[in-house]
Amino acid sequence: MLVEFEPGWGEEWDGVADVVVVGSGAAGLAAGVTAASRDRSVIMLERAAFPGGTTAKSSATMWIPDNPLLRDAGLTDERSAALRFMARAAYPVSYCADAAWLGLTERQYRLLEALYDHGRAAFTALDALGGIPYDRAAAPGFPDYHADFPEDTAPVGRSVRMRYPEGHRPGIDATGGQLFVDAMLAAGTPLGLDLRTGHRAHRILADATGAVVGVEARTRNSTVLIGARRGVVFATGGFLHDPVLAQAFLRGPVLGGAAAEEATGDFVRMGIEVGAQLGNMTHAWWDEVVVEDVLRRRSTSRDAVYLYGDSMIVVNRFGRRVMNEKMPYNERGQVHFTWDPDRREYPNLLLFLLFDDAVLRDTRAARHRYPVPGPADGHENLISADTWDELALAIDRRLAQIRAHTGGVRLDAQFTSSLRATLARYDALARAGRDEDHHRGETPIERAWATEPRGADQTNPTLHPFSPTGPYHCVLLGPGALDTKGGPVVDERARVLGTSDEPIRGLYGAGNCVASPCGQGYFGPGGTVGPAITFGYLAGLGASAEETRSPKW
């Protein structure tokens, strides 16, 4: 239905607000609620039939440097040290502690500064509106993923967790992300936040001066024009589920992952049309996926976040360990992109999670168990056999069945003999309690997420020798991501930059649809949501402060 005539706009518009937000995940909600709290009218467009995007599928843990929980505990997160930590994790090739901007470009450095300088303010402002139901009792949070870096001098991790209702049933009741989305909408709706689901933006509207004045969207069989008097904020997610964009830009093949199905790169295409420059397009929030799950559906319900078990290893098709199996998912996921120039292949494209029956039958409490099935889970992704030789044959048969989707990956002819040597080496390291090859179980986050030792003689709870007798089990792992983190480039005020490095007037972006300030890095639990709400908050502030305009055609 057309809105009433507004001077300078005209009756062709189907809605006009001070600020238009596209996307309703953490970044979009932060922008919309922030703008609404400043007495700006806000229309929020969501492509899906329900709000929340990828955020609603997540735990909504937030990584916030210098957050209020740290301060309430009397702890200090010193700024210069935090910036060094973030710079090293985000840009490991560029980082230099004694160089200008720590070896980064000035823009990269300014974005990290913005994350530190405004993260606490964003969290505090949204929490004051009732939008963040965080768990004060869970402070301090988990260790950072790279707490072993000397640059990480924070006394504890910087993560803030959601507060779950009493009696909450993990995996059955609402996720932390859904609780966050519900709370943010409850905070924004009384302020006038107008959420419109089933509206997919497909074109950015700019006037003759180049200023962004709205978006064209499609809803059902109709096209609607939504005008923005002050600014438009994009928070539409990444491009993980557009195979064409993923293949064109990401640093290696990716099979799927946990992003919402609507993460198909809408803002990449629209941004190009209005002259935005792109950045960080080769990177994602990497993880590992269960191959057969993503072959059934590219958008997964859960990924292999932390690999469960102690008598467990991961090997490639040559039967060799290739990583620390307990490292955070962002680091493990990148192992799949190793290139072998002699064989001219990705030797780690598919990896094989191997474990014995003690792991499968283990009932000890664990934060993350998937993809090892629990007592109530199905075993459709599990490959089992009584001996290692038989398991290798069973794995290769499974690979033959899915070869059309994996580039024909099969086990090497010497897989079994190589695996026996790998197992012998691993068992010796496990008995000694020290992984000299990959240092498993040595970082703070690995220790925090480990299960209790089986017995007093197990000095490293992440390591245990394999049982000398079967059965043995395997799950196929492939490259995946929580979502991508490249797109139009923004500055430290969340303004989208054109190819001339000048802001495109009236256009803002935050979350996974823009070039992430985190570069390659994943700082800790909540490392996606914390930056999303920080830059969403900045985008909401910026769009709210723009002068009102009407189209100049």
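### Observations regarding the overall build of the protein
Okay, so step 1: Helix and strand counts for the protein come out as 14 helices and 18 strands.
Okay, so step 2: Taking 2.2 N^0.38 as the reference for a compact globule, 553 residues should give roughly 24 Å; the C-alpha atoms of the protein span a radius of gyration of 24 Å, in line with that estimate.
Okay, so step 3: Counting only C-alpha atoms, the protein reaches 80 × 55 × 50 Å along its principal axes.
Okay, so step 4: Counting over 553 residues, the protein shows a buried share of 60%.
Okay, so step 5: Put simply, 76% of the contacts in the protein that link residues at least 6 apart link residues at least 24 apart.
Okay, so step 6: For the protein, the accessible surface area stands at approximately 21900 Å², while carbon and sulfur atoms represent 50% of it.

### What to know about the nonpolar core
Note that soluble globular proteins tend to have their nonpolar side chains buried in a common cluster.
Okay, so step 1: In terms of nonpolar packing, the biggest core is built from 74 residues, with Met 62, Met 86, Ile 132, Phe 180, Phe 523 and Ile 533 touching the most fellow members.
Okay, so step 2: At nine residues, helix α4 (residues 106-128) tops the list of elements feeding residues into this core.
Okay, so step 3: Residues Leu 255, Trp 388, Leu 463 and Phe 466 belong to the second largest nonpolar core, which totals 31 residues.

### Describing the pattern of salt bridges
Okay, so step 1: Enumeration according to the criterion identifies 39 salt bridges in this entry.
Okay, so step 2: The salt bridge involving Arg 110 is made with Glu 113; its shortest N-O contact spans 2.9 Å. Residue Arg 110 and its partner Glu 113 are located together in helix α4, separated by three residues, close to a single helical turn.
Okay, so step 3: Judged by its relative accessible area of 12%, Glu 113 falls in the buried class.
Okay, so step 4: Across the pair Arg 364 and Asp 310 runs a salt bridge, and its minimum N-O distance is 3.6 Å. Remark: Asp 310 occurs in the loop between α8 (291-296) and β12 (312-315) and Arg 364 occurs in the loop between α10 (357-360) and β14 (383-385); sequence separation between them is 54 residues.

### Focus on the packing of helix α11 (residues 388-401) against helix α12 (residues 415-432)
For any two helices packed against each other, the geometry is given by the interaxial angle and the distance between the axes.
Okay, so step 1: Taken N-terminus to C-terminus, the directions of α11 and α12 make an angle of 130 degrees; their axes are 10 Å apart at the nearest point. When the interaxial angle is binned, α11 and α12 end up oblique. In the packing of α11 onto α12, the handedness of the crossing is right-handed. Here Trp 388, Asp 389 and Ala 392 of α11 lie close against α12, whose contacting residues are Phe 415, Thr 416, Leu 419, Arg 420 and Leu 423.
Okay, so step 2: Of the residues in the contact of α11 with α12, the class split is five nonpolar, one polar and two charged.

### Examining the side chain of His 199
Okay, so step 1: The residue His 199 is located in the loop between β5 (193-197) and β6 (200-206) in this model.
Okay, so step 2: We classify His 199 as buried; its relative accessible area is 13%.
Okay, so step 3: Residue contacts for His 199: discarding those within four places in its chain leaves Leu 45, Glu 46, Arg 47, Arg 218, Thr 219 and Val 224.

### As for helix α14 (residues 529-545)
Okay, so step 1: In this model, α14 (17 residues) spans 24 Å end to end at C-alpha, consistent with the 24 Å of a helix rising 1.5 Å per residue.
Okay, so step 2: Extensive coverage of α14 is indicated by the burial of 15 of its 17 residues.

### What to know about unusual backbone geometry
Okay, so step 1: Note that the residue after Tyr 370, namely Pro 371, is joined by a cis bond; omega there is 15 degrees.
Okay, so step 2: Relative to the assigned elements, Pro 371 resides in the loop between α10 and β14.
Okay, so step 3: The omega torsion of the bond from Gly 470 to Pro 471 falls at 10 degrees, within 30 degrees of zero and hence cis.
Okay, so step 4: The backbone phi angle of Asp 66 is positive, close to 55 degrees, even though this residue is not glycine.
Okay, so step 5: Mapped onto the secondary structure, Asp 66 falls in the loop between β3 (62-63) and α2 (68-72).

### Considering the packing of aromatic side chains
Okay, so step 1: Under the defined criterion, the tally for this structure stands at 22 aromatic pairs.
Okay, so step 2: Between the aromatic rings of Trp 388 and Phe 466, the centroid separation amounts to 5.6 Å while the plane-to-plane angle is 70 degrees, which identifies the pairing as edge-to-face. Placement of the pair is Trp 388 in helix α11 and Phe 466 in the loop between α13 (444-449) and β15 (472-484), with a sequence separation of 78 residues.
Okay, so step 3: Given the relative accessible area of 9%, Trp 388 is considered buried.
Okay, so step 4: Judged by its relative accessible area of 8%, Phe 466 falls in the buried class.
Okay, so step 5: Geometrically, the ring pair formed by Tyr 426 and Phe 466 is edge-to-face, given 5.8 Å between the ring centres and 70 degrees between the ring planes.

The rules behind these values
- Residues numbered from 1 in each chain as written.
- Predicted model: local features only at pLDDT ≥ 70, side-chain atom pairs only at ≥ 80, totals over all residues.
- Heavy atoms only, no water.
- Helix = DSSP H or I, 4+ residues; strand = E, 2+ residues; numbered from the N terminus.
- Rg over C-alpha atoms; globule rule 2.2 N^0.38 Å.
- Buried < 20%, exposed > 50% of the residue type's maximum accessible area, 1.4 Å probe, protein only.
- Contact = heavy atoms within 4.5 Å.
- Areas by Shrake-Rupley, 256 points an atom, 1.4 Å probe, with all protein chains shown as cover.
- Core = buried A, V, L, I, M, F, W, Y, C linked by side-chain atoms within 4.5 Å.
- Salt bridge = Lys/Arg side-chain N within 4 Å of Asp/Glu carboxyl O.
- Axes fitted to C-alpha atoms, helices over the stretch in contact; angles between N-to-C directions.
- Parallel < 35°, antiparallel > 145°, perpendicular 65-115°, else oblique.
- Left-handed = near helix turned anticlockwise from the far one by under 90°.
- Nonpolar A, V, L, I, M, F, W, Y, C, P; charged D, E, K, R; others polar.
- Expected span 1.5 Å × (residues − 1).
- Phe/Tyr/Trp six-rings, centres within 6.5 Å; stacked < 30°, edge-to-face > 60°.

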